[in-house]
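The primary structure of each chain is shown beneath.
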Amino acid sequence: MVHAHKLEIFRGLIKFKSNTQKIWGVLILLSIVTAVEVVLGIYKPASLMNVVLGMKLLNWIFIILTIVKAYYITWDFMHMRDETPGLRRAVVWTAVFLISYLIFILLQEGGYVFDVYSDEYIKRDF
Amino acid sequence: MDTSVVTGTQEKVWGGGNEPLKASYGKLMMWFFIVSDALTFSGFLAAYGFSRFKFIDSWPIADEVFTHVPFLHGQELPMIYVAFMTFILIMSSVTMVLAVDAGHNMNKTKVTWYMFLTIIGGVIFVGSQAWEWATFIKGDYGAVQTKGGNILQFGEYVDKDGEQVFKRVSVADFAIVGEKERVQDNRKSGIWYRSESTIPNYNVDEVYAGLEANSNILVRTQIINEEGEKTVLSREESLKSIKENGKTVVEGANLVANEYGTALFADFFFFITGFHGFHVLSGVLLNIIIFFNVILGTYERRGSYEMVEKVGLYWHFVDLVWVFVFTFFYLV
């Protein structure tokens, strides 16, 4: 039983000859992304420290790079690219919707509790 | 009876024998298990985010906590070892997907070797995590916990390339040890039903005496200032804060207190990396079972290596979770 794999990433920008070659290609991509994260994490460039939408720009970069890595692990290592749209949507949309919802609620509440601690009459510096 | 349903023949959409998702039952269920497990992990990580936003101005800085690399004592190398662990896990994901690929081509030798390499990668990762835990629990500098539950750390300003840099000082290096007031209360030495946890090596009075004697040492609080660094107190404030608020000396980490900062930091570290490590461990065990089945030729006889693919999905998921744990614990 030989499955047909889709052998292109970046919407067809890079095409691979065989599935094995694609796996090594994706490994190189993931390693580069991780290396960029580690270098940024060690040096923490001052230019990326300004706050955008409530968080440091550097942290936004880390989160976006993480989602990029998650995409390639799911799409190429777990072969989500080769599954039917129905299966892909059942898995990805469900998870993405529920997780975003949960994160929004909890972070919103965490920020509120911080405000209560800092602005109300609660003493913590002892 | 012409109303009865004939299965397995002409495809009526609701008549059964129809695979709209073109995936086997086992694979589908593995995907849905992964979705539910992903929600469990996001629950933990979102709770971590909640606590962090709650203490956004005093959360420990990960770069100052995870600085150790095995065999390189006394060097501060933040991120290096975790990056290595991440790479090991990604690498074992690659050997896993190569095993799946070899399985599609019914190549038993290749599947065996790639499964073996995957198991080795998993074992190295779990071992590294155990070492991370041990280092984290042991701690390195020690700190004083105040009555309000805050952590006060120690350090001094030193010249480094013409710049004044704050360098941490270990409690063990400056505390002046006096007479011990008491020993640990054990069941064997006291009343048989009473015992207590380990007493810290130093008490606050000894630390205070040491701080008074060394005029270069200053106290650093948990509060993060505008430059993104922890606030360092002046000499007078340092002495005052230890004398008035100091309660116990904390060395290393447990679930109640840790020397790095708020207790929740260690709690989440143990819980999330522990839960992930448990997943890796069970993944390694599943991989070992599949590995032996491959050697015994079970899938060769079955005519399909789909079991390798299913356990592969789980293994990649463990890698996927680690990518997020890595970001939120060590980077952000």
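Residues numbered from 1 in each chain as written. Chains lettered and ligands numbered in written order. Predicted model: local features only at pLDDT ≥ 70, side-chain atom pairs only at ≥ 80, totals over all residues.

(A) Examining the overall build of chain B more closely. Along the backbone of chain B there are ten helices and six strands. For a compact globule of 332 residues, the expected C-alpha radius of gyration is about 20 Å, and chain B comes in at 27 Å, more than 25% above that figure. Expressed along its principal axes, the backbone C-alpha trace of chain B runs to roughly 95 × 50 × 50 Å. Every one of the 332 residues in chain B was classed for burial, and the buried ones make up 37%. (Helix = DSSP H or I, 4+ residues; strand = E, 2+ residues; numbered from the N terminus. Rg over C-alpha atoms; globule rule 2.2 N^0.38 Å. Buried ≥ 20, exposed ≤ 12 C-beta atoms within 10 Å, placed from the backbone.)

(B) Spatial organisation of the overall build of chain A. The helix and strand inventory of chain A stands at three helices and four strands. Shown N-terminal to C-terminal, the secondary structure of chain A runs as helices and strands in the order β-β-α-β-β-α-α. Against the globule reference of 14 Å for 126 residues, chain A gives a C-alpha radius of gyration of 20 Å, more extended than a compact globule. Overall, chain A is about 70 × 35 × 25 Å in size when its C-alpha atoms are taken along their principal axes. Within chain A, the fraction of its 126 residues that count as buried is 18%. A sequence separation of at least 24 residues applies to 41% of the contacts in chain A between residues at least 6 apart. (Contact = placed C-beta atoms within 7 Å.)

(C) Inspection of the pairing of strand 2 (residues 151-160) of chain B at higher detail. Residue and element names in this part refer to chain B. Across two bridges, the pairing between strand 1 (residues 143-146) and strand 2 is antiparallel. Bridge pairing in strand 2 links Val144 to Leu152. Following strand 1, the chain reverses through four residues before pairing antiparallel with strand 2; Gly149 in that reversal takes a positive phi of roughly 90°. Pairing geometry for strand 2 and strand 4 (residues 218-224), over three bridges, is antiparallel. Note that in strand 4 the partner of Phe154 across the bridge is Val219. Note: strand 2 against strand 3 (residues 163-168), six bridges, orientation antiparallel. Following the sheet pairing, Val158 is matched in strand 3 by Val165. Taking the residues between adjacent antiparallel strands as the criterion, strand 2 and strand 3 are bridged by two residues, where Asp161 takes a positive phi near 55°. (Pairing = 2+ DSSP bridges.)

(D) Quick look at the packing of helix 1 (residues 19-43) of chain A against helix 2 (residues 57-77) of chain A. Residue and element names in this part refer to chain A. Their axes nearest at 10 Å, the elements helix 1 and helix 2 cross at an angle of 165°. The angle between helix 1 and helix 2 places the two elements in the roughly antiparallel class. The element helix 1 and its partner helix 2 pack so that their crossing is left-handed. Residue-level inspection shows Lys22, Val26, Leu29, Leu30, Val33, Val36, Glu37 and Leu40 of helix 1 in contact with helix 2, the latter providing Leu58, Ile61, Phe62, Leu65, Val68, Lys69, Tyr72 and Asp76. For the contact of helix 1 with helix 2, the per-class residue count stands at twelve nonpolar, no polar and four charged. (Axes fitted to C-alpha atoms, helices over the stretch in contact; angles between N-to-C directions. Parallel < 35°, antiparallel > 145°, perpendicular 65-115°, else oblique. Left-handed = near helix turned anticlockwise from the far one by under 90°. Nonpolar A, V, L, I, M, F, W, Y, C, P; charged D, E, K, R; others polar.)

(E) Representation of the interface of chain B and chain A. In this complex, chain B contributes 46 residues to the contact, which on the side of chain A involves 45 residues. Among the elements of the structure, helix 1 (25-54), helix 3 (80-104) and helix 10 (306-331) of chain B are those that each provide at least two residues to the side of chain B that touches chain A. It is helix 1 of chain B that provides the largest number of residues to the side of chain B that touches chain A, a total of 14 residues.

(F) Region of interest: the environment of Gly149 of chain B. Within the secondary structure, Gly149 of chain B sits in the loop between strand 1 and strand 2. A C-alpha to C-alpha distance of 20 Å links Gly149 of chain B and Glu229 of chain B, two positions 80 residues apart in sequence.

(G) The arrangement of the confidence of the model for chain B in detail. Mean pLDDT over chain B stands at 91; residues scoring 70 or higher make up 96%. The ipTM, which scores confidence in the relative placement of chains, is 0.92 for this predicted complex, and the corresponding pTM is 0.90. (pLDDT = per-residue confidence, 0-100.)

(H) The arrangement of the nonpolar core in detail. Residue and element names in this part refer to chain B. Val82, Ala99, Val111 and Met115 are the most contacted members of the largest nonpolar core, which has 73 residues in total. Beyond its immediate stretch of four places on either side in the chain, Ala99 contacts Val111, Tyr114, Met115, Thr118, Val308 and Gly312. Membership of the second largest hydrophobic core comes to 18 residues, among which are Val169, Ala175, Ile217 and Val219. (Core = buried A, V, L, I, M, F, W, Y, C linked by C-beta atoms within 7 Å.)

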